[in-house]
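Chain residues, written in single-letter form:
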Amino acid sequence: MMAYVALGLYFAGIVFAFKKEISYTLSAIGSAFALTEGIIGTFYPFTLGKVEILPKVYMELGMNHTSGIFMTIAAISWIAISIYSIDYGKFYPKDMALWLNLSVFGMMIILMAKDGLTFITGWEMMTISSYLLILKHKGSFKEAFEFLAFGELSTVSLIVAFASLFLKNGNFSFAQNSGTVIFLIMSTFAFVVKMGIFPFHTWLIGAHAKAPSNVSALLSAPLTLMGVYGIFMALSLMPNLHLYNFEWWGILAIAFGSTSAFWGALHAVAAKQLKTLPAYSTIENNGMILAAIGISVASSGDPNLAVMAAFASATAILIAVSHTFSKSLLFLSVGHAKEALDEDNIDDLRGAWSAVGKIPALGILISGLSFSAFPPLIGFVGEWMLLESFFQSYKFSDTLARLVTTFGGVFIALAIGMAAFSMVKLAGYTALGYDHGKKARHISSTMMRISELFLVILVFGFGIFVTFVLRYLGYSQFTSGLFGVPSPFLMISSVPIFGVVSPAFFAIVTAVLFIFPLAFYLKRRQKVRHVDSWNGGLPIEEGEYFSAPAYSAILEIVLKKVYMTKEKISENEAHIEIVDFVSAFYDALKYAVLKVEKVLSNVLMNGNINAYVAYIFAVLVVIFLIVR
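Computed from a predicted model, the values in this text were never measured in an experiment. (Residues numbered from 1 in each chain as written. Predicted model: local features only at pLDDT ≥ 70, side-chain atom pairs only at ≥ 80, totals over all residues. Heavy atoms only, no water.)

(A) Geometry of the pairing of strand β6 (residues 566-570). Little of β6 is tucked away: 0 of the 5 residues are buried. Strand direction decides the pairing type here: β6 and strand β7 (residues 573-577), joined by 5 bridges, are antiparallel. When the sheet's bridge partners are listed, Lys-566 is paired in β7 with Glu-577. In this antiparallel pair of consecutive strands, β6 and β7, the connection spans 2 residues, and Glu-571 shows a positive phi of 50°. (Buried < 20%, exposed > 50% of the residue type's maximum accessible area, 1.4 Å probe, protein only. Helix = DSSP H or I, 4+ residues; strand = E, 2+ residues; numbered from the N terminus. Pairing = 2+ DSSP bridges.)

(B) Region of the structure containing a nonpolar patch on the surface. A surface patch of nonpolar side chains, about 1,100 Å² in accessible area, is lined by Val-596, Val-599, Leu-600, Val-603, Leu-604, Met-605, Tyr-615, Ile-616, Val-619, Leu-620, Ile-623 and Val-627. Tallying contributions element by element places helix α23 (residues 609-627) first for the nonpolar patch, with 6 residues. As for its placement among the helices and strands, Val-596 is situated in helix α22 (residues 581-604). Residue class for Val-596 comes out partly exposed when judged on its relative accessible area of 47%. (Patch = residues over 30% accessible without salt bridge, like charges linked within 9 Å, V, L, I, M, F, W, Y side chains within 5 Å. Areas by Shrake-Rupley, 256 points an atom, 1.4 Å probe, with all protein chains shown as cover. Salt bridge = Lys/Arg side-chain N within 4 Å of Asp/Glu carboxyl O.)

(C) Structural view of the pattern of salt bridges. A full pass over the atoms with the stated rule returns 6 salt bridges. Here Lys-210 ties to Glu-143 by a salt bridge, and the two come within 3.5 Å at their closest N and O atoms. Here Glu-143 lies in helix α6 (residues 141-169) and Lys-210 lies in helix α8 (residues 202-210), a separation of 67 residues in the sequence.

(D) Examining the environment of Leu-9 more closely. Looking at the secondary structure, you find Leu-9 in helix α1 (residues 2-15). Overall, the relative accessible area of 17% leaves Leu-9 in the buried class. With 392 residues separating them in the primary sequence, Leu-9 and Ala-401 have C-alpha atoms 48 Å apart. Among residues more than four places away in sequence, those in contact with Leu-9 are Leu-26, Ile-29, Gly-30 and Phe-33. (Contact = heavy atoms within 4.5 Å.)

Take a look at the structure:
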C-alpha cells in the first residue's frame, strides 16, 4: 500500500506541476510514504506483481533487504529536497516541479525493479528528467548535454549487460537468474559512470555548477546513490563470488575508488566556485564507497575473511548514508546563501552567518565538519570505518591485493586530509567568514530552513546513534559493549576486536567537558580585542583580506604539474587557474571527433544520389548476410 501511495503521489505531483507549491508538497508526502515503504521492505520483502510484455519478458516491482535500505536512504534526501523546493522552486519555471517528481519517480522504480527491463525504464526516466532539470538554469545547455551524453553511455552499457543476462537465462528477472562476466563488467561500467568515478567524473563538475541548487542536491546525493545501489544489485546476481575467483573485480574497485577519492579531494582543495567544491567532494566520497565495496569483494574469496568482507560492506553503506545526508545539506545550504546574496564564488559569500541566517550557515558548517571526519558526526563514522577496513588489509594472502590496498590506503588517507582542508576553506570563508557588508535580499525561506535543520539533526543523530543504524542495516555483530561502554553503544571493526569507537560516548564526554570552558567564558566574558591580520610585516591596505584562492595557492603552485597551473595577468591583477587534465583530454577528444566528422560528412554526405543508393544497397547486403 505504501508503495502504491508513494508512486501515486509522485504521479499527482507531475499532474499538478502547474501549481508548484502543491506539486512539491505532493513530492514531499510521497517521499515520506517511500521512506515508510523502505523501512518495511528492509525487514519484510514483498512483490507488487508482474506485467507480461512478451513471452518471458515481463516487468515486476518489489522490495528486498538491500533495496529497502537504499530506499530509506534516498527517501530521506527526497523529503528534504522536496520541502526545500517549495520555497526555492519559486525562482524557476513551473515545469521544474514536473521533472523533479518524474526524476524521483524514476529512482523509486529503479529501487523497486525486480527485472532488467523495469530497471532500465526507471534509469531512463531519471536520466532524461534530470537532464531537463539542469536546463532550468540559463546558459546550462553544454553542461546538461554532457550529463546526458554520459547518462546515455551508462544506459547503453546497461542494455548490453541485461542482454547478456537474457541470453544466459532466457529472461530479465533478478530473482531467478545469475549474471555473467560480461554482465558484471558492463553493469559496473554503467554504475561507476553514474557515480562519477575517475576518469568518468567530468559531467559532475559542470552539471553541479550550473544546475539549480535543489537539482545539484538531487544529482549529487540520490542520483549517484542509484549507481551505488546498482553495484550492490549487480554483485547480488553473481552468486558465490569466491568460487568464481572475482577477486580481480575487488582489486580494480579498490584501485579506481581510491584514485577517484584522491583526485576529487585534490581538486576540491583548489576549487573557487561555491558548487564546484562540493561537486569534487562527491567524486571523493563515491570513490571511498567504491573502494570499500572492493575490499568487501576481495575479502569474499577467503572464508577466513568473512567478517572483514561484512565490515567493508557495512562501511560502503555507512559512507553512502553520510554522503547522501551531508551532501544534500551542503548543496541546499549553499544554494540558500547563494540565492540570497546572488554570488557564485566562495570569496564573495563571506559573512553568510550574519547576512543570510544562522540555519543555512549552520548547514554549511555542519556538513563541512561531517566531510572533514569531525566526531561524532556521521561523516567521521564512515571514514573511520573505511580506514579500519584498509588497516585490516594485511590479512589478505594475495600479494597483489596487499599491494593495491596499501597504495589505496595512502590515497584514501591523503583524500581525507585534503577533504578537511577544502571544507575548512568552504565553511571558513562562507559561514564563518568576515561579513563583507553585502545585504541579502529578502526571499521566502521558511521551508528551506526547515529542510536544512532536518538534515542537520540527521547528520548529528545518525552519527551519535550509528550503532542502532548498524543494527537496522543487519550488521549487529559490529556493535558491542566494553571498557565501561554499555552495549550496543560501542562500534567494533572486527571479531575478534581490532578497533573500537563510541560516537555516543564521545558526544557525551565532549558535551560535559564543554560545559566548564563555556561557564568560565560566560563568567569572565570581556570585550573582544580586534587586531590586524599578519601580512608579512606589511600594513594591510583598505579592502585587503586573506582570500579563498590564497588559502590554496601554495598547494596549487607546489603541485603545478598535477594541476596544470597557469598564472593569468590582466589589468594589473594576477590570478591562478588550474585545469583538470581529464577534462582537457575529453575536450581534445571532442575536437578530434568533430574534425573527423566534418571530413566524413564532406565525403559521404555529398549530395550525390548514386552514392546514397550505393550506401543503402551495401547496408541491405550486410543485413541479408547477418540474418542468413
